[in-house]
Amino acid sequence: MDKRQNPFHNENMNPSLDHTAAEVVNQFAIYGEFEGASSFGSGHINDTFQSRWNQAGIRIRYTHQRINHTVFIHPDQVMENIQRVTAHIARKLRAAGEKDWTRRTLTVIPSRDGKPWARDSQGGWWRTYLFIERAHTMELASSPREARFLGASIGNFQKQLADLPPPRLHDSIPDFHNMEKRYRRFYEALSRDSAGRAGKAEAETAFMKENEERGAILIRALREGKIPERITHNDTKMNNILVDDGDSRALCVIDLDTVMPGTSLFDLGDLIRTVTTRAEEDERDLARVCFDPAYFKALLEGYLSEALEFLTDTEKTFLAESGRNITQIMALRFLTDYLEGDRYYHVSRKGHNLDRCRNQIALIRSMDAQWEKVLGIIRSLAGP
Ligand code: ADP
Ligand code: GN1
Ligand code: MG
């Protein structure tokens, strides 16, 4: 196809990708007149597009994603998880008489032969969702009020999935938040130093070594059965929550590839990591990377308004540690990817992964500097 005629074409995109995107939309059970499409979103893993259709005079949009097949080696299992989880939430919303429920959970559009995915001629895996209108994602929270909504949405998401019928969901990425395994891979990358970068990351490496023991707390508690396994999202950074354009309330939890068994603390932790900071994850001006206790308090209030009824006493003892823990695992993963030559995360500049690692370490230091406040807030909201 001539790229000027290709509605998916985007100058910044890998040239083969716009072609395959255009090829794949017609495999999904979408009816109407195709009007155009473009790439969308800023995720680190998948490639996202929106398409526009005329259905008997009404403009309707869909979201299409090419699933990163290197990261998710069983895309069919990922889609089976997503289909079960979204259908379960949809049933609950409808039973509760929730208006507008198709904006409150993702809706999977099947392929024309009834599968929740379709393949392109390059071997790529694709999925399609209803495009959720009048909503946006945010990279930073701009008020404690927003932080409270975000916290409540993840507490509610965990609550909605607490009674998902068996079987157990697939582990879409086994050991995704397993700090001990992440450390093993980090040490391998460090000793191999395949990209010749270890010398540029000595301070960060030292930080990681100093914090190794503390970082293993959550995964050990889970393994030893001290905290329960639940169905969790595992990638609850705040830009994976769609927010209503009108009232800024959290509307829908998206990016469900990593929904699988985990601990509630992974999800709370990733929210703390992204909602309580005043700078984006790759901000280089580290003076701007500050943990804000007011956002932390509001986030916890929102989360606990939904989660207090199901959290065990032992889970509550780890609430404070959860944010520090997930921030540490991100620092470690960014550093490992930097050492391995940027093979995992999308990067858009030299040293991008090292910048992200430094940023996350700065956030941990800022949390540590205010740790007594963190503990005080937890005590006031969740008891001793
Ligand atoms: P990634 O894994 O790459 O982060 P996401 O699933 O988070 O991909 O999607 C990337 C972006 O696409 C989101 O931040 C959001 O802006 C947009 N998006 C994804 N799904 C939808 C949807 N169903 N409706 C509207 N926008 C969506
Ligand atoms: C990735 O897909 P995205 O951009 O929402 C990553 C998360 C990290 C995040 C860091 C499957 O999330 O684990 O926390 O980047 N997802 C996967 O921004 O590895
Ligand atoms: Mg995302």
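The structure we're discussing is the one just above.
Keep in mind that what you see is a predicted model, and the values were worked out from it rather than measured.

(A) Here's a closer look at the packing of helix 9 (residues 293-307) against helix 13 (residues 371-382). At a minimum axis distance of 10 Å, the contact between helix 9 and helix 13 shows a crossing angle of 25 degrees. If you check the angle between helix 9 and helix 13, you find them roughly parallel. As helix 9 runs across helix 13, the sense of the crossing is right-handed. Facing Pro 293, Phe 296, Lys 297, Leu 300, Glu 301 and Leu 304 of helix 9, the residues of helix 13 in contact are Lys 373, Val 374, Ile 377, Ile 378, Leu 381 and Ala 382.

(B) Spatial organisation of helix 5 (residues 202-210). For helix 5, the complete set of buried residues consists of Glu 204, Thr 205, Phe 207 and Met 208. Down the axis, helix 5 shows its buried residues gathered within 160 degrees of arc, on one side only. Opposite its buried face, helix 5 presents the exposed residues Glu 202, Ala 203 and Glu 210, each directed more than 90 degrees away.

(C) Expanded view of the side chain of Thr 63. Along the chain, the position of Thr 63 falls in strand 3 (residues 58-67). Since its relative accessible area comes to 13%, Thr 63 is described here as buried. The contacts of Thr 63, once residues within four sequence positions are left out, are Thr 48, Phe 49, Arg 127, Thr 128, Tyr 129, Leu 130 and Phe 131.

(D) Just the pattern of salt bridges, in detail. Scanning all chains against the criterion turns up 34 salt bridges. Taking the shortest distance from any N to any O, the salt bridge between Arg 349 and Asp 355 comes out at 3.0 Å. Residue Arg 349 is classed as partly exposed on the basis of its relative accessible area, which comes to 25%. Residue classification places Asp 355 among the buried residues on the basis of a relative accessible area of 11%.

(E) Structural detail: the coordination of the magnesium ion (ligand 3). Coordination of the magnesium ion (ligand 3) by the protein is provided by Asn 240 (OD1) and Asp 255 (OD), with metal-donor distances spanning 2.1 to 2.2 Å. With a gap of 15 residues between them, Asn 240 in the loop between strand 8 (230-232) and strand 9 (241-244) and Asp 255 in the loop between strand 10 (250-253) and strand 11 (260-262) connect regions that are remote in the sequence. Assessed through its relative accessible area of 5%, Asn 240 is described here as buried. Looking at Asp 255, the relative accessible area reads 23%, which means it is partly exposed.

(F) Spotlight on the packing of aromatic side chains. Using the criterion set out here, one finds 11 aromatic pairs in the structure. Relative to Phe 131, the ring of Phe 40 lies with its centre 5.6 Å away and its plane at 70 degrees, an arrangement referred to as edge-to-face. Of this pair, Phe 40 sits in strand 1 (residues 33-40) while Phe 131 is found in the loop between strand 6 (125-130) and strand 7 (135-136), placing the two residues 91 residues apart along the sequence. What makes Phe 40 partly exposed here is its relative accessible area of 39%. Across from the ring centre of Trp 371, 5.1 Å away, lies the NZ or CZ of Arg 214, which sits over that ring. Sitting over the face of the ring of Tyr 295, Arg 278 holds its NZ or CZ atom 3.9 Å from the ring centroid.

(G) Broad picture of unusual backbone geometry. A cis geometry characterises the amide bond from Pro 166 onward to Pro 167, with omega recorded as 5 degrees. Following the sequence through the fold, Pro 167 ends up in the loop between helix 3 (144-161) and helix 4 (179-192). The residue Arg 134 is not glycine, and still its phi comes out positive at about 55 degrees. Inspection of the secondary structure puts Arg 134 in the loop between strand 6 and strand 7. Not every positive phi belongs to a glycine, and Asp 342 is a case in point at roughly 60 degrees. Relative to the helices and strands, Asp 342 resides in the loop between helix 11 (319-339) and helix 12 (352-369).

(H) Highlighting the site of ligand 1. Near ligand 1, the surroundings consist of 18 residues, among which Gln 65, Leu 130, Ile 132, Asn 240 and Asp 255 are the closest. Here an oxygen atom of ligand 1 and a side-chain polar atom of Gln 65 are 2.8 Å apart. The set of elements that each furnish at least two residues to the shell around ligand 1 consists of strand 3 and strand 6. Here the residues of the shell around ligand 1 sort into eight nonpolar, nine polar and one charged. Taken domain by domain, the makeup of the shell around ligand 1 includes at least three residues from each of domain 1 (15-72 + 109-131) and domain 2 (144-382).

(I) The arrangement of the sheet that holds strand 9 in detail. Ordered by their spatial adjacency, three strands build an open sheet running 7-9-10, and the pairing between neighbours is antiparallel. Two strands bound the open sheet, and with one partner strand each, they are strand 7 and strand 10. Packing against the sheet, helix 3 makes contact with strand 9 and strand 10, and its axis sits at approximately 40 degrees to strand 10.

(J) Structural view of the site of ligand 2. Of all residues adjacent to ligand 2, which total 16 residues, the nearest are His 44, Lys 237, Glu 281, Arg 333 and Tyr 344. Separating an oxygen atom of ligand 2 from a side-chain N or O atom of Lys 237 is a distance of 2.7 Å. Asp 255 is positioned such that a nitrogen or oxygen atom in its side chain is 2.8 Å from an oxygen atom of ligand 2. Notes on ligand 2: free accessible area 440 Å², of which the protein chains cover 98%. Among the elements that make up the shell around ligand 2, the one with the highest residue count is helix 11 (three residues). For the shell around ligand 2, the class distribution of residues is seven nonpolar, three polar and six charged. Here the shell around ligand 2 spans two domains, since at least three of its residues come from each of domain 1 (15-72 + 109-131) and domain 2 (144-382).

Procedures and definitions
Residues numbered from 1 in each chain as written. Chains lettered and ligands numbered in written order. Predicted model: local features only at pLDDT ≥ 70, side-chain atom pairs only at ≥ 80, totals over all residues. Heavy atoms only, no water. Axes fitted to C-alpha atoms, helices over the stretch in contact; angles between N-to-C directions. Helix = DSSP H or I, 4+ residues; strand = E, 2+ residues; numbered from the N terminus. Parallel < 35°, antiparallel > 145°, perpendicular 65-115°, else oblique. Left-handed = near helix turned anticlockwise from the far one by under 90°. Contact = heavy atoms within 4.5 Å. Buried < 20%, exposed > 50% of the residue type's maximum accessible area, 1.4 Å probe, protein only. Arc of directions from axis to C-beta. Salt bridge = Lys/Arg side-chain N within 4 Å of Asp/Glu carboxyl O. Donors = N, O, S within 2.8 Å, 3.2 Å for Na, K, Ca; no water. Phe/Tyr/Trp six-rings, centres within 6.5 Å; stacked < 30°, edge-to-face > 60°. Lys NZ or Arg CZ within 6 Å of the ring centre and 35° of its normal. Near = heavy atom within 4 Å. Polar contact = N/O pair within 3.5 Å; in protein donor to acceptor, adjacent residues only side chain to side chain. Nonpolar A, V, L, I, M, F, W, Y, C, P; charged D, E, K, R; others polar. Domains from an automatic or database assignment. Pairing = 2+ DSSP bridges. Areas by Shrake-Rupley, 256 points an atom, 1.4 Å probe, with all protein chains shown as cover.

These results come straight from atomic positions and should not be treated as a statement about function.
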